[in-house]
Amino acid sequence: MQGLDLIHHEHRELIRLTDAVIETADDSAASIEQIAGARHALGQLIIRHVSNKQAVITATLLASTDPAHHQLAWRFTEDLMKLRGSTSEHYGVWTIAGIEADRKGFAAAVRYQRRLLRARIAWEEHAAFPIVADLLAAPAAMPRRAAGIR
C-alpha cells in the first residue's frame, strides 16, 4: 500500500487506535499498563503518519508548478503541525500518573483529540486528496530532446 491509499488507511487506523485508547481507559478492569500500551501504539502510528503525509501529500503539492498547490502545501503542513502540537501537549498533560489519578478526565481529553483528528481527516480528504490524486495521476513530463538529436 502506498500513496493516498496508505494515508487513507492510516486515517482509519488512527481513529481505530484512538477509540481503543478510549475504550481501554473507560474499562475499569484495564490496567494502567494496558492504557499505556494502547496509547503507545497510537503514538507510534502518529509518528509514521506525519512522516508519510510529508512524503506523499506535501512533497506532491510542492513538486507542482502551481502556486495554489504551494499555498495548499503550506496550509496543510501548518495545520498538521498545529494538530501535532495539540497531541504533544496532550501527552505532556496526561502523564501516566495523571491518567491513573483521573481516567475519566483522560478519556474525555482523548475524545476531544479524536474530534480534532476527525475534523482534520475530513478536511484533508475533501480539500487535499483530490488535488494530490490528480497530481499523482498526471503522466510524467516527457524529457525534451536537444535540438538536432533524433
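Residues numbered from 1 in each chain as written. Predicted model: local features only at pLDDT ≥ 70, side-chain atom pairs only at ≥ 80, totals over all residues. Heavy atoms only, no water.

*Asks:* Describe helix α3 (residues 67–93), and please don't skip the residues or the numbers.
*Replies:* With 27 residues, α3 extends 39 Å between its outermost C-alpha atoms, agreeing within 8% with the 39 Å of an ideal straight helix rising 1.5 Å per residue. Along α3, the residues that are buried comprise H69, L72, A73, F76, T77, L80, L83, S86, T87 and H90. Against α2 (32–63) and α5 (103–137) lie the buried residues of α3. At the N-terminal end of α3, a side-chain oxygen is found 2.8 Å from the backbone nitrogen of A68, two or three residues along, and the residue is D66. (Helix = DSSP H or I, 4+ residues; strand = E, 2+ residues; numbered from the N terminus. Expected span 1.5 Å × (residues − 1). Buried < 20%, exposed > 50% of the residue type's maximum accessible area, 1.4 Å probe, protein only. Contact = heavy atoms within 4.5 Å. Polar contact = N/O pair within 3.5 Å; in protein donor to acceptor, adjacent residues only side chain to side chain.)

*Asks:* Please provide a residue-by-residue account of the packing of α2 against α3, values included.
*Replies:* Two numbers describe a pair of packed helices, the interaxial angle and the distance between the axes. The interhelical angle for the contact between α2 and α3, taken along N-to-C directions, is 170°, at an axis separation of 10 Å. With respect to α3, the axis of α2 lies roughly antiparallel. Contact with α2, carried on its side by R39, L42, G43, I46, I47, V50, K53, Q54, I57, T58, L61 and L62, involves H69, H70, L72, A73, F76, T77, L80, M81, R84, T87 and Y91 of α3 and no other residues of that element. Residues that form the contact of α2 with α3 fall into these classes: 13 nonpolar, 7 polar and 3 charged. (Axes fitted to C-alpha atoms, helices over the stretch in contact; angles between N-to-C directions. Parallel < 35°, antiparallel > 145°, perpendicular 65-115°, else oblique. Nonpolar A, V, L, I, M, F, W, Y, C, P; charged D, E, K, R; others polar.)

*Asks:* Give a description of the packing of α3 against α5 that names residues and reports values.
*Replies:* The contact between α3 and α5 brings their axes to 11 Å, and the two run at 165°. Looking at the two axes, α3 sits roughly antiparallel to α5. In this structure, α3 crosses over α5, and the sense of that crossing is left-handed. Considered class by class, the residues forming the contact of α3 with α5 number 14 nonpolar, 5 polar and 4 charged. (Left-handed = near helix turned anticlockwise from the far one by under 90°.)

*Asks:* Any details on the pattern of salt bridges? Residues and values, ideally.
*Replies:* According to the stated counting rule, one finds 7 salt bridges in the structure shown. Residue R16 is joined to E13 by a salt bridge in which the shortest nitrogen-to-oxygen separation is 2.5 Å. Placement of the pair is R16 and E13 together in helix α1 (residues 3–26), with a separation of 3 residues, close to one helical turn. Given a relative accessible area of 45%, R16 falls into the partly exposed group. Given the relative accessible area of 21%, E13 is considered partly exposed. Measuring nitrogen to oxygen at the nearest pair gives 2.4 Å for the salt bridge that ties E124 to R120. You can see E124 and its partner R120 sitting in helix α5, 4 residues apart, about one turn around the helix. (Salt bridge = Lys/Arg side-chain N within 4 Å of Asp/Glu carboxyl O.)

*Asks:* Give me the lowdown on the side chain of T58, citing residues and values where you can.
*Replies:* Looking at where T58 falls in the secondary structure, it is placed in helix α2. According to the relative accessible area criterion, T58 is buried, its value standing at 6%. Those residues in contact with T58, other than ones at most four positions away along the chain, are K53, A73, F76 and T77.

*Asks:* Could you give me a rundown of the packing of aromatic side chains, with the residues and numbers involved?
*Replies:* Under the definition given, this model contains 2 aromatic pairs. Stacked on the ring of F76, the Lys or Arg R120 has its end atom at 4.5 Å from the ring centre. (Phe/Tyr/Trp six-rings, centres within 6.5 Å; stacked < 30°, edge-to-face > 60°. Lys NZ or Arg CZ within 6 Å of the ring centre and 35° of its normal.)

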